[in-house]
Amino acid sequence: MPLGGKKKHKKPSRKKSELDSALDQISDESVAAAKDEFQDLLAQAKGDTSELIRQNAEELDRRLVLLKKRKIDKEDFDFFIENQKRDLRVFVDSQPTKQQERAEKLTLRVLEIAAKVAIALI
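In this text the structure is predicted, and so the values were computed from the model without any measurement.

Asks: Describe the side chain of Asp 48, naming the residues involved and giving the relevant values.
Replies: Mapped onto the elements, Asp 48 comes out in the loop between α2 (29–46) and α3 (51–68). Looking at Asp 48, its side chain comes within polar contact range of the main-chain nitrogen of Ser 50, at 2.9 Å. Sequence-distant contacts of Asp 48, that is, excluding residues within four places in its chain, are made with Ile 53, Arg 54, Arg 102 and Leu 106.

Asks: Describe the pattern of salt bridges, naming the residues involved and giving the relevant values.
Replies: Scanning the entire structure with this criterion turns up 11 salt bridges. In this structure, the salt-bridge partner of Asp 61 is Lys 46, at a minimum N-O distance of 2.4 Å. Of this pair, Asp 61 sits in helix α3 while Lys 46 sits in helix α2, placing them 15 residues apart in sequence. Where salt bridges share partners, they join Glu 37, Arg 109 and Glu 112 into one cluster.

Asks: Explain the nonpolar core to me, and be specific about the residues and the numbers.
Replies: Phe 38, Leu 42, Leu 60, Leu 64, Phe 77, Ile 81 and Ala 114 are the most contacted members of the largest nonpolar core, which has 31 residues in total. Elements supplying a minimum of two residues to this core: α2, α3, α4 (74–94) and α5 (97–121). When residues in this core are grouped by element, the largest group, 10 residues, is from α5. Once you skip the residues sitting within four places of it in the chain, Phe 77 turns out to touch Leu 60, Arg 63, Leu 64, Leu 67, Ile 72, Ala 114, Ala 115 and Ala 118.

Asks: Explain the packing of α3 against α5 to me, using residue names and the numbers behind them.
Replies: Relative to each other, α3 and α5 sit at 5 degrees, their axes nearing to 11 Å. In terms of orientation, α3 lies roughly parallel with respect to α5. Taking contact as the criterion, the partners of Ile 53, Asn 56, Leu 60, Leu 64, Leu 67 and Lys 68 in α3 are, on α5, Ala 103, Leu 106, Thr 107, Val 110, Leu 111, Ala 114, Ala 118 and Leu 121. A breakdown of the residues in the contact of α3 with α5 according to their chemical character gives 11 nonpolar, 2 polar and 1 charged.

Quick notes on the rules
Per chain, residue numbering runs from 1 following the sequence as it is written. Only residues with pLDDT of at least 70 get local features here, since the model is predicted, and only at 80 or more are side-chain atom pairs given and counted; chain-wide, interface and lining totals rely on the full set of residues. To get the side-chain values, take all heavy atoms of the structure and skip hydrogens and water. Each helix is a run of H or I in the DSSP string that is no shorter than four residues. Each strand is a run of E no shorter than two, and both are numbered from the N terminus. Whenever a nitrogen or oxygen atom comes within 3.5 Å of another N or O atom, the pair is scored as a polar contact, on the condition that within protein one atom can donate a hydrogen and the other can accept it, and that pairs from neighbouring residues in sequence are kept only if both atoms are in side chains. Contact between two residues is taken to exist if any of their heavy atoms lie within 4.5 Å; hydrogens are not considered. Should a side-chain nitrogen of Lys or Arg be within 4 Å of a carboxyl oxygen of Asp or Glu, the pair is scored as a salt bridge. By convention a nonpolar core is built from buried Ala, Val, Leu, Ile, Met, Phe, Trp, Tyr and Cys residues, the set being connected through side-chain atoms within 4.5 Å. Only protein chains enter the area calculation, which uses a 1.4 Å probe; residues under 20% of their type maximum are buried, those over 50% are exposed, and those in between are partly exposed. Note on geometry: axes are C-alpha line fits, over the in-contact stretch for helices, and angles between N-to-C directions span 0 to 180 degrees. In these notes the angle categories are as follows: under 35 degrees is roughly parallel, over 145 is roughly antiparallel, 65 to 115 is roughly perpendicular, and the rest is oblique. By the convention adopted, Pro, Cys, Tyr, Trp, Phe, Met, Ile, Leu, Val and Ala count as nonpolar, Lys, Arg, Asp and Glu as charged, and the other residues, Gly among them, as polar.

Structure below.
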């Protein structure tokens, strides 16, 4: 038993999401680094305190899964990405200066990488 007589709790193992499983199937080495950065930034965005950043990450996740399943086409996905970029640019610009870099990384950068990763998914 650890110090203090308290039991140590194990973190529950995180089950792979549908998107994670799809991304794991990407074997193109040129996309591998972008995929890793994307997964990291998307996870950060999903856990962010800003509701808008979280909603964008969740919707992006959903759209990528739909693209992989061919329920939407690349044109629809690209349209979504461009609309999100436009709307989120306003959000990023409205943030205090110190928070703009992080907001941009978790929104606009995630969308840019998603567009690259999407090509490998289809």
